[in-house]
Amino acid sequence: MAEQTTSGGHLSAVLSPEDEAGQQRFDAIIEQDSRIEPRDWMPEAYRKSLTRQMSQHAHSEIIGMQPEANWITRAPSLKRKSILIAKVQDEAGHGLYLYSSTETLGTDRDTLNDQLMSGRAKYSSIFNYPARTWADMGAIGWLVDGAAIANQVPLCRASYGPYGRAMVRICKEESFHQRQGFEILLELANGTEAQKKMAQDAIDRFYAPALMMFGPSDNDSPNSKQSMAWNVKRFSNDDLRQRFVGMIAEQVKVLGLTLPDPELRYDEETGQWIHMELDWDEFNRVIKGGGPCNSQRMARRREAHEEGAWVREAASAYARKQQMKEQVA
Amino acid sequence: MTMSNTSNNGSSAGWPLWEVFVRSSRGLSHVHAGSLHAPDAEMAVRNARDLYTRRNEGVSLWVVRSEDILTSDPDAKDAMFESPKGKDYRHATYYTKSEGVKHL
Ligand SMILES: [Fe+2]
Ligand SMILES: [Fe+2]
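Everything quoted here is computed from the prediction, not taken from an experiment.

1. A look at the coordination of the iron ion (ligand 1)
Residue and element names in this part refer to chain A. Coordination of the iron ion (ligand 1) by the protein is provided by Glu-61 (OE), Glu-91 (OE), His-94 (ND1) and Glu-174 (OE), with metal-donor distances spanning 2.0 to 2.2 Å. Viewed at the metal, the four donor atoms of the iron ion (ligand 1) are separated by angles of 83 to 156°, and the geometry they form is irregular. Counting along the primary sequence, the residues that act as donors to the iron ion (ligand 1) give the motif E-x29-E-x2-H-x79-E. For Glu-61, a relative accessible area of 7% gives the class buried. Take His-94: its relative accessible area is 0%, and that puts it in the buried class.

Structure, rendered in C-alpha cells:
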C-alpha cells in the first residue's frame, strides 16, 4: 500500500524533523493496522477528517432521538413505551460516547455543541424525515438502525482507538434497537388488514432513505479513498449498501411484506445485490437543510438546550458551593 | 481549569472531564469505560451510572478527573519500555530443559 506514505496529504509543506519522525511512526502504525491513540502524533488532515466524521456521527445520534421520542407518549402499550424510552436513552448515550471520543482529538464539547446548534455541522439526512405512524417506529428500528449497524460494525476496527472503542460499545447496544423495530413490524404484519397496510407503508417510505444512509457512490465520494488508506473506512459505501440490501431482502419475507424496489435482485455473476437507482438530488437537498423536518429538528434541539440551562446552572452553582465549603473546612 | 470558571449562563463550559472506570463484577479490576463532563465528582458518578451501566455492566464505579492523570510520554515509549527487552529469563518459557517435568 504505497499510497499510505502520502497519508498526511500535506507533504508539499516543509516538515519539521519532529513532524517527519511523527509521520513515519504514524505510517508504520497504519501499515501494521494498529491503532492511533490520542497523544500520538498524527497528520493534521487525519485529525480534521476524524473530528468531522466523529462529530457528525455524534450529532446524528443526538438528533436521531427526536423521531422516536415523538412517539413515546403514544406508544400502544406500557411495554412498548418502556422499550422506546430505553432506545432513545441509548441514542443519547451513543451521542455522548462519540462526543467524548471526538474531544480526545482536541475540539472541546462546547464547540461541538455549538457547531450543531448554529447549523454549521451536518448530521445524517435520515432524521429529517417525519415519523408519521406507529409503524414508523418499526421501520426506523429495522431499517434505519439496521443500516447504521451495517455501517458501524466495520468502524469498530477504525484506526483511531477512541473511535473504535466507542463503536464497540455502540454496536453492542444497537442490536436490540433493530430487533425491537423488526418485532413491531412483525406484530403489525400479523395484525388486522389496516395494521398490515400501515407496516407496508412505513417500509415503503423508509426503504430508499435508509439505503441512502450509506452515502453516495464511492466514485462520487471524494473522502472515501483517503479514509480507506487511513484504515478508518474498511468497505466502500456501495459495498456496504448492497450487503445490507441482501440482508433485508431475506428478512422482509419473514414479515410477509415487500420492499418497494422492482429492480431488486441478486446477481449470481458478481455476487452482488442490485437495487434501484437512488435519488441523490433528494439526498443532497435534505442534507443541505431542505428535508421535511430539518428546521423542526434544529429548533427542537435548541429549545431542549435552552430549557436545560437552569439544570446546568444549578449543578454548577452546587459544585461551586460545595467546593467553597470544603476550602473553609 | 478552576471551578469558578463554570459559567453561569447555562453553558457547561468549564465542567471538567472525568474518566470513568467500571468494575464489571466482584473479583475483577475497574476497567476504563470512557469519559464524561460533570461539575463535580458526585455528579460524575451519577452520570457515569446512566451513561456506562445501563445494562448491568458494573457493580462499582470510579471517576477521576482527566487532568489528574499523568501519562507516560508516548514519544518516549521506546526508551521507557526498553528495559524488559532481552530479559527473556523473566518468562517461564525461557526455561526449556525442565520441560516435561510434572507440576513444574
Ligand atoms: Fe445509536
Ligand atoms: Fe440505535
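2. As for the packing of aromatic side chains
Residues and elements named next belong to chain A. Across all of its chains, the model carries eleven aromatic pairs over all chains by this definition. On the basis of an interplanar angle of 75° and a centroid distance of 4.9 Å, the ring pair of Phe-26 and Tyr-46 is categorised as edge-to-face. One end of the pair, Phe-26, is in helix H1 (residues 17-31); the other, Tyr-46, is in helix H2 (residues 44-63), with 20 residues separating them in the sequence. The pair formed by Phe-26 and Tyr-46 is uniform in burial state, with each residue classed as buried. Taken together, the ring pairs connect Phe-26, Tyr-46 and Trp-230 into an aromatic cluster. Above the ring of Trp-71, the side-chain terminus of Arg-74 is found at 4.0 Å from the ring centroid.

3. Some thoughts on the coordination of the iron ion (ligand 2)
All names here are of chain A. Those protein atoms acting as donors to the iron ion (ligand 2) are Glu-91 (OE), Asp-145 (OD), Glu-174 (OE), Glu-174 (OE) and His-177 (ND1), and they sit at 2.0 to 2.8 Å. For the iron ion (ligand 2), the single-chain donor residues occur in sequence as E-x53-D-x28-E-x2-H. A gap of 3.4 Å separates the iron ion (ligand 2) and the iron ion (ligand 1), which Glu-91 links by coordinating each metal. Of the two residues, Glu-91 sits in helix H4 (residues 78-103) while His-177 sits in helix H7 (residues 161-189), which places them 86 residues apart along the sequence. One exposure class covers both Glu-91 and His-177, and it is buried.

4. Thoughts on the confidence of the model for chain B
All names here are of chain B. Per-residue pLDDT for chain B has a mean of 84; in total, 85% of the residues score no lower than 70. The secondary-structure element of chain B with the lowest mean pLDDT is helix H2 (residues 77-80), recorded at 74, while strand S3 (residues 60-65) shows the highest, at 97. Confidence over residues 1-9 falls short of pLDDT 50; this stretch has 23 contacts with residues more than four positions distant or in other chains. The ipTM for the predicted assembly is 0.85, set against a pTM of 0.90.

5. Observations concerning the packing of helix H6 (residues 134-152) of chain A against H7 of chain A
All names here are of chain A. Direction vectors running N to C along H6 and H7 enclose 145°, while the axes themselves pass 7 Å from each other. Regarding H6 and H7, the two cross each other, and that crossing is left-handed. Class assignment for the residues of the contact of H6 with H7 results in 13 nonpolar, nine polar and two charged.

6. Some points on the pairing of strand S1 (residues 17-23) of chain B
All names here are of chain B. Across the seven residues of S1, five count as buried, placing the element largely inside the fold. Strand direction decides the pairing type here: S1 and strand S2 (residues 30-37), joined by seven bridges, are antiparallel. When the bridges of S2 are listed, Phe-21 appears paired with His-32. Counting the residues between successive antiparallel strands, the hairpin from S1 to S2 contains six residues, one of them, Gly-27, with a positive phi of roughly 95°. Here S1 pairs with S3 via six bridges, running antiparallel. In the sheet register, Trp-18 faces S3, and the bridge partner there is Arg-65.

7. Some thoughts on the environment of Asp-90 of chain A
Within the fold, Asp-90 of chain A resides in helix H4. Using a relative accessible area of 2% as the deciding quantity, one classes Asp-90 of chain A as buried. Residues Asp-90 of chain A and Ile-170 of chain A, spaced 80 residues apart in sequence, show a C-alpha to C-alpha distance of 8.5 Å. Once residues within four sequence positions are removed from consideration, Asp-90 of chain A is found in contact with Glu-173, Phe-176 and His-177 of chain A together with Arg-54 and Arg-55 of chain B.

8. As for the sheet that holds S2 of chain B
Residue and element names in this part refer to chain B. The strand order across the open sheet built from three strands is S2-S1-S3, with neighbouring strands paired in antiparallel fashion. The open sheet has two free edges, formed respectively by S2 and S3, since each of these has just one partner strand. Going from strand to strand, the sheet's axes swing by 25° on average, the running direction of each strand aside.

Calculation rules
- Residues numbered from 1 in each chain as written.
- Chains lettered and ligands numbered in written order.
- Predicted model: local features only at pLDDT ≥ 70, side-chain atom pairs only at ≥ 80, totals over all residues.
- Heavy atoms only, no water.
- Donors = N, O, S within 2.8 Å, 3.2 Å for Na, K, Ca; no water.
- Tetrahedral: all angles 85-135°; square planar, octahedral: opposite > 155°, others 65-115°.
- Buried < 20%, exposed > 50% of the residue type's maximum accessible area, 1.4 Å probe, protein only.
- Phe/Tyr/Trp six-rings, centres within 6.5 Å; stacked < 30°, edge-to-face > 60°.
- Helix = DSSP H or I, 4+ residues; strand = E, 2+ residues; numbered from the N terminus.
- Lys NZ or Arg CZ within 6 Å of the ring centre and 35° of its normal.
- pLDDT = per-residue confidence, 0-100.
- Contact = heavy atoms within 4.5 Å.
- Axes fitted to C-alpha atoms, helices over the stretch in contact; angles between N-to-C directions.
- Left-handed = near helix turned anticlockwise from the far one by under 90°.
- Nonpolar A, V, L, I, M, F, W, Y, C, P; charged D, E, K, R; others polar.
- Pairing = 2+ DSSP bridges.

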